Structure formats: C-alpha cells, structure tokens
Amino acid sequence: MTTTTTYPLRTIAAHDIDAWARMVTTTYGQDWEEGGQGGLRNAAVSLDPDRTIAAYDGGEIVAGASVYGRVLTVPGGLTPVAGITLVAVLPTHRRRGLLTAMMRKQLTDLHESGGEPVAALNAAQATIYGRFGHGLASHVAEIRGDKRFMTMRPGTDIGDGTIRLLGRDEARPLLEKVYENVRSTAVGWVDRTEKYWEARLADGPRARDGGTALRFAVHQEYGGEATGYALYRSKPGLVQVIEVAAASRQTYAALWRFLIDLDAHTHLAYDGAVDEPLKHLLADPRAARTTVTDNLWVRLVDVDRALTARRYTAPLDLVLEVQDTFCPWNAGRHRLVAHDDRVTYEPTRAGADLRLTAAELGAAYLGGTTLSSLAEAGRVEELRPGAVAAASLAFRGTREPFHPSGWAFPAF
C-alpha cells in the first residue's frame, strides 16, 4: 500500500483548524491554546483551509502543510509565489513517507491547476528541502552591534526629515504605504494583505520573548510624507530591531542613527540582508558583526513560467538541460533567451550548454546564489565553454535578495 492510501491526504475544513494546529504545535514542542493565541500565531485568522492539507490516521490528523498565496518581488518584476509553511509530521508518524507525499501533492496541485509558478519557504532545518527541488536562494545576516562603538561616519547625510514614535493604530497605515513602496523593487519581499499585517504586528507575550511591546518609529519628510520606519522592542541592554524599511538612503541613515542613539541600551540586534548598508555607515565597521545563515529556499514549480517571469542583467541565449525527478514535467532541454524585457523559454533539440537540476535554478532564481559558485561545487555542469560565466552574470541581481523574516510566510 502507498503512503497516501494508508494515510489519506486532503484539505482541512474550518472546524479542523484547532486539531490541525495542535498537531503542528505538538510536533514543534509548543502548546496550542484555543483561538490561536498560543504557539501558532493567529492561525485561525491567517490560515486558508482550502490550501491546507492534512494526513489522517483514521480520524486523527498526524501531518500537514499549508500554502499562502503571495506576490514575490523577483529581479525586474513580480510573480505569484506559493509560500509553503507550517509543515509538520507528528513524532509518532515520522519516516513513513508523509513529508514526501505532502510536498509532492502541493507541487503537483500547483502545476496541474496552473497556480503559482514558484514556491518558497523558510526552512526549520537546512537539510530537508533540497531533495524536493528547493534551492538556497537568499541568506540573512544576523547583525549584532555594540552601540558604544557604533558611530556614524562624519558627513553622513540623514536628510531633513523627522522621526516620531507612534502608536500602533496611527502608525499602521504609514507602515503599509512605505512597505508597499519599498517592496516593489526589493527582491525577496512579498506583498502583505490585511491578515498578514495582523500577523506581522501581533504583539502578545510569546512574540515579545521577554521584551517590551513593539515600538513604531516612523520617518516623515517636511511635508508629512512617510518615507521609512523601524519596528523594534527593548530588552535588558538590547535594542531588538524587528524590521527596517526606507525609501531613500537618507531615510535609511536617519533611522539607524535613531536606533543607535537610543539610551539605556548597550547592544543592538537585527536580522538583515547580507549586503546591508549599515556597516558602510559606521566609522568602525567592526562594531556591527554578522553571522550569515540560510533565509529563503525557492522551488521552481514550473520552470518555464518562473524563468520568464523575471528579467536578466545581461543578454542571454543558452540551452539548459534540466533534471527534475520530483517534478518531471520540468525535465528536458529548453532554450532560454533573454533580451531587454523579452524572455522566452522553449523546448529544443539543440545540444545543451548547461546541465543542472531544478534545485540549482531555484537557488539562482532571485539573483543571489551564483551559478558559478554552484558550478565550482560540482552542481552545475558546463557543456559549452563560457556558458557558466554568461548565465551567472545574467541571473545575478544588483543587490543581494533578502526575505524580511519568517513572518512573511506566517509560522510560529
């Protein structure tokens, strides 16, 4: 008997949310409280039952996974993305093929329905999702600063705006406007609808983790236009910066000077982009040290639709031989041609220039991980001299992609 025969997979009904959430929180060693105020943040509000699957052992939910439909900023454009989240298998049912069955069902359903051409997730463990064709597409820099030595470089331009600390309700419409403005060109960011803002700004005791309530620092220009914000909370001796968005370099510098100058805090913590400009604002770059770890894992559900949804930094004409055993509809040789705003990806019988799997294309998709580095690791095979260099240049972005925290695909 197959896994799906023994443990049938189906979407949950609204009345199953509590049972489903108990399974998820039990898997990850947390408690579930009725109404979604426990370990699973705002699940009853943000969860979409129609896109949430569960595996059943008799009448018991023993595994599950969910999808959030979002819009992802990619190099040169936007594309729908399936945010894979809340993936869990009860410890009593591990090693029975349930995770593989759920991943296969999600990706197959997306393909057959013509849904989002790209799937993405934040991985609890970095060893899991590569076997399903996900590639490591972006990284996060865990920045830890000693504010006693974090002084701005002389002459840093902070503009003429002002920063105000606002209450949540007053700040929120300004945050939404700034975020929407910034995310249109920030590769790796996703749109936020009403329910996702509710999840992002949730501020219960568990979210605070011993800190204060969220503070909302909003930067405004002389005429009142909001051009940036910083979300942060205080812990003993520490400024925990949650999110920074700035529409100009002056606003960015002004927000960081405000955060650095906060009294009664000796240290600062922030998870930002690998190429975060903050270090370059400091007289002593060593005052802010970084640890880099994985951020967003990308899976090209339909390689053709995904590759034609983004733009490339150099003209490109090459034949890709793609191997994809998990999503076999992607396998084969295709010619990728990119020139200005025109991109095509069509089947061909011509000889291949590069041989790689869908995971490598997912890793390179946002313009961060380079095909050259993957080739050096033996994960991309060059079949025509110069093809790796040309492809790596064309896929590369102007900035490192960054996905601002796991909250964008609400998890717990």
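What you are looking at is a predicted structure, and each value in this text was computed from that prediction instead of being measured.

Draft legend 1. Structural view of the packing of aromatic side chains. Evaluated as defined, the whole model comprises nine aromatic pairs. Plain terms: the ring middles of Y179 and W189 are 5.1 Å apart, the flat faces sit at 20° to each other, and that makes the pair stacked. Residue Y179 is found in helix α5 (residues 168-183), and its partner W189 is found in the loop between α5 and α6 (194-200); the two are separated by 10 residues along the sequence. Residue Y179 shares its accessibility class with W189, and that shared class is buried. Through a chain of ring-to-ring contacts, the aromatic side chains of Y129, F132 and F326 assemble into a single cluster. One residue, R192, lies across the ring of W197, its end atom 4.8 Å from the ring centre.

Draft legend 2. Quick peek at the nonpolar core. L307, L320 and L336 are the most contacted members of the largest nonpolar core, which totals 59 residues. Formed by 43 residues, the second largest nonpolar core is a distinct cluster that contains A63, A82, V87 and V301.

Draft legend 3. How the structure looks around the pattern of salt bridges. In total, this model carries 28 salt bridges according to the counting rule given. The partner of E198 in a salt bridge is R168, and the shortest N-O contact between them spans 3.5 Å. Of this pair, E198 sits in helix α6 while R168 sits in helix α5, placing them 30 residues apart in sequence. Exposure remark for R168: the relative accessible area of 29% places this residue in the partly exposed category. A salt bridge links R172 to E176; the shortest N-O distance between them is 2.7 Å. Of this pair, R172 and E176 both sit in helix α5, four residues apart, which is roughly one turn of the helix.

Draft legend 4. Quick look at the confidence of the model for the chain. Residues at a pLDDT of 70 or more form 94% of the chain, whose mean pLDDT is 92. The low-confidence segment residues 35-39, where pLDDT is below 50, has 14 contacts with residues more than four positions distant or belonging to other chains. Note on residues 407-412: pLDDT is under 50 here. Beyond four places in sequence and across chains, it has 35 contacts.

Draft legend 5. Local environment of the pairing of strand β17 (residues 342-347). As paired elements, strand β16 (residues 332-339) and β17 share six bridges and run antiparallel to each other. Counted as the bridge partner of R335 is E346 from β17. Linkage of β16 to β17, two consecutive antiparallel strands, is achieved through a turn of two residues, within which D340 is found at a positive phi near 55°.

Draft legend 6. Representation of the sheet that holds β17 within the structure. What the five strands build is an open sheet, ordered β17-β16-β15-β18-β19; its pairing is mixed. The two strands at the open ends of the sheet, each matched to only one other strand, are β17 and β19 (381-382). The sheet contact formed by strand β18 (residues 354-357) and β19 spans two bridges and is antiparallel. Bridge pairing in β19 links L354 to E382.

Analysis parameters
- Throughout, a residue's number is its position along its own chain's written sequence, starting from 1.
- Given that the model is predicted, a residue must reach a pLDDT of at least 70 before its local features are reported, and side-chain atom pairs must reach 80 or more before they are shown or counted; all residues, however, enter totals for whole chains, interfaces and linings.
- For the side-chain quantities, the full set of heavy atoms in the structure was used; hydrogens and water were omitted.
- We call Phe, Tyr and Trp rings a pair once their centres come within 6.5 Å, taking the six-membered ring for Trp, and we label the pair stacked below 30 degrees between planes, edge-to-face above 60, and tilted otherwise.
- The way it works is that DSSP assigns letters per residue, a run of H or I at least four long becomes a helix, a run of E at least two long becomes a strand, and they are numbered from the N terminus.
- For each residue, the accessible area found with a 1.4 Å probe, counting protein chains only, is set against the maximum for its type, and the residue is called buried under 20%, exposed over 50%, and partly exposed in between.
- Remark: a charge is flagged as sitting over a ring if the NZ atom of Lys or the CZ atom of Arg is within 6 Å of the ring centre and within 35 degrees of the ring normal.
- Among the buried residues, those of types Ala, Val, Leu, Ile, Met, Phe, Trp, Tyr and Cys that are joined through side-chain atoms within 4.5 Å form a nonpolar core.
- A side-chain nitrogen of Lys or Arg and a carboxyl oxygen of Asp or Glu constitute a salt bridge if their distance falls within 4 Å.
- The predictor's confidence in any single residue is recorded as pLDDT, a number from 0 to 100.
- For this analysis, residues touch if any pair of their heavy atoms sits within 4.5 Å.
- Note on pairing: two strands pair once DSSP finds at least 2 bridges between them.

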